[in-house]
Amino acid sequence: MNHRKWHCLRCSGRDYETGEIRVSGGFWSRIFDVQNKKYSAVSCQRCGFTEFYAREASTLGNVFDFFTR
């Protein structure tokens, strides 16, 4: 994907990929294997540099995640 405003901080590339990851936050969420933190990722296609941005994880998503493990 190419966006006029975005550029890589390392190589100044303009092409990027986006993705999403979920991770556990604290002790109890690790014990029960619940990923309650959500991040968007933007990765430069040229050099691979990746930036992460915190997002709100929905309660419904957390409940679904708990029961599908």
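See the structure printed just above.
This next bit is on the overall build of the protein chain. Within the protein chain, the regular secondary structure consists of two helices and three strands. Looking at the 69 residues of the protein chain, the share that counts as buried comes to 25%. Contacts spanning at least 24 positions in sequence make up 40% of the contacts within the protein chain whose residues lie at least 6 apart. Accessible surface for the protein chain amounts to roughly 5400 Å². Of this, 54% is attributable to carbon and sulfur atoms.

A few words now on the pairing of strand S2 (residues 37–44). Direction of pairing for strand S1 (residues 16–23) relative to S2: antiparallel, over a ladder of eight bridges. By the bridge assignment, valine 23 is partnered in S2 with lysine 37. In this structure, S2 lies alongside strand S3 (residues 50–55), joined through six bridges in antiparallel fashion. When the sheet's bridge partners are listed, alanine 41 is paired in S3 with phenylalanine 52.

What counts and how
Residues numbered from 1 in each chain as written. Predicted model: local features only at pLDDT ≥ 70, side-chain atom pairs only at ≥ 80, totals over all residues. Heavy atoms only, no water. Helix = DSSP H or I, 4+ residues; strand = E, 2+ residues; numbered from the N terminus. Buried < 20%, exposed > 50% of the residue type's maximum accessible area, 1.4 Å probe, protein only. Contact = heavy atoms within 4.5 Å. Areas by Shrake-Rupley, 256 points an atom, 1.4 Å probe, with all protein chains shown as cover. Pairing = 2+ DSSP bridges.

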